[in-house]
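# Fold and contact review
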Amino acid sequence: MQREYDLLIAGGGLAGNCLALALKDTGQRIAIVEANTREQLQASPAGDRALALAAGTVMMLEALGIWQGISHAATAIKQIHVSDRGHFGKTRLSAQNEHIEALGYVITARDIETHVANLVAESAIELIAPARVAGLMSGDNEVYVNLKQGDESLSVSAKLLAGADGGLSSVRKLLDIAQHTTEYGQTALVTTVKTTIPNKNTAFERFTASGPLALLPVAKNQCAVVWTRTSEDADAMMLGSEADFLSELQQCFGYKLGELVLTAPRRAFPLSLIRAEKMVAGRAVIIGNAVHQLHPVAGQGFNLGLRDVVRLAEMLIRRHEQNEDIGAAGFLKEYAASRKKDHDRTIGFTDAVVKIFSNEWLALAAARNIGLTLLDHIPPAKKLLTRHAMGLAGHIPRLGRSN
Ligand SMILES: Cc1cc2nc3c(=O)[nH]c(=O)nc-3n(C[C@H](O)[C@H](O)[C@H](O)COP(=O)(O)OP(=O)(O)OC[C@H]3O[C@@H](n4cnc5c(N)ncnc54)[C@H](O)[C@@H]3O)c2cc1C
């Protein structure tokens, strides 16, 4: 017998699980189809990446009942120190000066991914895993989805399909939604270091001719490293020894935090921008990285994806309460229209930062790396951007508190 749902979510990553959790108490029949097992997801090296979360993201995670279970694993960014190698410019920003509790928070992706997966497992949401979406067809009242579970095929139907299956989204392809891809020819090298001097909740951004380097605080004497290099450099640095990598890192960053010691394996993430041409087709909507996979230099990917999730969830809750069809074309178009401006702004900004400042002006590009939230509340973001632009790119270090 074919299984029937109100909402079928493809992808049990951050976006898919957060959407399910936002709707878990609505009484709707919800299932998540996830390609990997829990064990595979937990063991994935990608889980090592540090995510910088905007203040608004933290508020949304709180409202969803997620933050309460992970706040202990997150580190507040209280200060940002931006420096431009080879130039005098240095800028400091502090939460205190901005009259806010924190400029952002840093958390390891695995911590938040594991927690949301646990919350889903404790709820009435059905998890179909490991299984992949292999085919789909929108009908008048339902979308029919074919799943592959090993050698078996499984047919399910739903009023609405939400594709949250990441940058290589199968749902996007099956819906025939075109995408624009920009290859940056850059790779983010990610690892963790122990430091002999405590970081005092400071995020460091260092601009060098070879690429922006960010050290984000994850514990008193521990920082997550996000180092953007050309793909050729990154390949060579991944093949070289840990000792050589560390020595180049130390040389590049200097001794502000004393001696650095690698405490995690090096991971490489090739960087590109993928943007889907549209967000909805038939009885399906795509959210999170399935619609927009961004360069992490601006630390905006999940922050933007969660805003998709929250907006969609709010609209779905209202629609369900009104007893209206949650997969109706007009309703989905309304959702897409409501998200376009934020997508345009965040994607355009990130892409411009990567391109415009990917040379001598890397300073400004890397400043974004902290994820600073700052797009969240635009006036401070502009203020910050301006300070960085003037203090670093223009080498006028007087703006902001410089030393
Ligand atoms: C190095 C790096 C640093 C980053 N730093 C930041 C940061 O500081 N701040 C920030 O906000 N963001 C950051 N990001 C971006 C952030 O990690 C992503 O935006 C976010 O994880 C995307 O979540 P998602 O759920 O949309 O997609 P994914 O995490 O890709 O999840 C998709 C899920 O779908 C599953 N799946 C795939 N295909 C199928 C299928 N056919 N059927 C069923 N399931 C399927 C996958 O197994 C996966 O579990 C960074 C990314 C990188 C690479």
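The structure we're discussing is the one just above.
Residues numbered from 1 in each chain as written. Predicted model: local features only at pLDDT ≥ 70, side-chain atom pairs only at ≥ 80, totals over all residues. Heavy atoms only, no water.

### Some remarks on the side chain of Ser272
Quick reminder of the rule: Put simply, DSSP marks the helices as runs of H or I at least four residues long and the strands as runs of E at least two long, and each gets a number from the N terminus on. A 1.4 Å probe rolled over the protein chains alone gives each residue an accessible area, and that area as a share of the maximum for its type sets the label: buried under 20%, exposed over 50%, partly exposed in between. Any N or O atom pair separated by 3.5 Å or less is treated as a polar contact, with the protein-specific requirement of one donor-capable and one acceptor-capable atom, and with residues adjacent in sequence counted only for side-chain atom pairs. For this analysis, residues touch if any pair of their heavy atoms sits within 4.5 Å.
Take Ser272: it is sitting in strand S17 (residues 267-276). For Ser272, a relative accessible area of 10% corresponds to the buried category. Among the polar contacts made by the side chain of Ser272, one reaches the side chain of Gln293 at a distance of 3.5 Å. When neighbours within four sequence positions are excluded, Ser272 is seen to be in contact with Thr182, Glu183, Tyr184, Gln293, Leu294 and His295.

### Description of the pattern of salt bridges
Stated precisely, the cut-off is as follows: Salt bridge, as used here: a side-chain nitrogen of Lys or Arg that lies within 4 Å of a carboxyl oxygen of Asp or Glu.
Under the counting rule described, the total for this entry stands at 17 salt bridges. Close ionic contact of Arg110 with Asp48 constitutes a salt bridge, the shortest N to O distance being 2.9 Å. Remark: Asp48 occurs in the loop between helix H2 (38-43) and strand S3 (50-53) and Arg110 occurs in helix H4 (residues 109-122); sequence separation between them is 62 residues. Overlapping salt bridges bring together Arg307, Asp308, Arg339, Asp342 and Arg345 as one network.

### With respect to the sheet that holds S3
Filter applied, for reference: Here, any two strands with at least 2 DSSP bridges between them count as paired. Here, axes are lines fitted to C-alpha atoms. For helices the fit covers the stretch in contact, and angles between N-to-C directions go from 0 to 180 degrees.
The strand order across the open sheet built from three strands is S3-S7-S4, with neighbouring strands paired in antiparallel fashion. Both outer strands of the open sheet, S3 and strand S4 (75-77), are each paired with one neighbouring strand and no more. Neighbour-to-neighbour, the strand axes of this sheet turn through a mean angle of 30°, independent of strand direction.

### Details of the site of the ligand
Convention followed: Near residues are defined by distance, with any heavy atom within 4 Å of the molecule or strand qualifying the residue. To be clear on the numbers: accessible area is Shrake-Rupley with a 1.4 Å probe, and residue cover counts the displayed protein chains and nothing else. Just so you know the grouping, Ala, Val, Leu, Ile, Met, Phe, Trp, Tyr, Cys and Pro go in nonpolar, Asp, Glu, Lys and Arg go in charged, and all remaining residues, Gly too, go in polar.
Around the ligand lies a shell of 31 residues, among which Ala15, Glu34, Arg49, Ala52 and Asn289 are the nearest. Within the backbone of Ala52, one N or O atom sits 2.8 Å away from an oxygen atom of the ligand. Contact between the ligand and Ser170: a nitrogen atom at 3.0 Å from a side-chain N or O atom of the residue. Contact with the protein chains covers 88% of the free accessible surface of the ligand, which is 1,000 Å². Counting only elements with at least two residues in the shell around the ligand, the list comes to helix H1 (14-23), S3, strand S9 (132-138) and helix H8 (301-321). Of the residues assigned to the shell around the ligand, the class counts are 15 nonpolar, twelve polar and four charged.

### Examining the packing of aromatic side chains
For any two aromatic rings, the description comes down to two numbers: the centre-to-centre distance and the angle of the planes. Our working definition: In summary, the pairing rule links any two rings of Phe, Tyr or Trp, Trp by its six-membered ring, whose centres are within 6.5 Å, and it sorts them by plane angle into stacked for under 30 degrees, edge-to-face for over 60 and tilted for everything else. Distance and angle both matter: a charge sits over a ring if NZ of Lys or CZ of Arg is within 6 Å of the ring centre and within 35 degrees of the ring normal.
Under the counting rule described, the total for this entry stands at three aromatic pairs. For the pair Trp67 and Tyr105, a centre-to-centre distance of 5.4 Å together with 70° between the ring planes defines the contact as edge-to-face. Placement of Trp67 in the loop between helix H3 (55-63) and S4 and of Tyr105 in strand S7 (residues 104-108) is noted, with a sequence separation of 38 residues between them. Tyr105 matches Trp67 in its accessibility class, with the two residues each being buried. Ring geometry for Phe204 and Phe253: centres 5.4 Å apart, planes at 90°, overall edge-to-face. Of the two residues, Phe204 is situated in strand S13 (residues 202-208) and Phe253 in helix H7 (residues 242-253); the sequence distance between them amounts to 49 residues. With respect to burial, Phe204 and Phe253 carry one shared label: buried. Note that Lys256 overlies the ring of Phe253, its terminal NZ or CZ placed 4.5 Å from the centroid.

### Examining the environment of Ala203
If you trace the backbone, Ala203 turns up in strand S13. C-alpha of Ala203 to C-alpha of Gly104: the two residues are 99 residues apart in sequence and 9.7 Å apart in space.

### Digging into the nonpolar core
Here is the rule we go by: In this description, a nonpolar core means a group of buried Ala, Val, Leu, Ile, Met, Phe, Trp, Tyr and Cys residues linked to one another through side-chain atoms lying within 4.5 Å.
Judged by nonpolar contacts, the single largest core of 76 residues is most densely connected at Leu8, Ile9, Leu19, Leu61, Ile66, Ile287 and Phe302. Ile77, Val82, Leu273 and Leu294 belong to the second-largest nonpolar core, a separate cluster that totals 24 residues.

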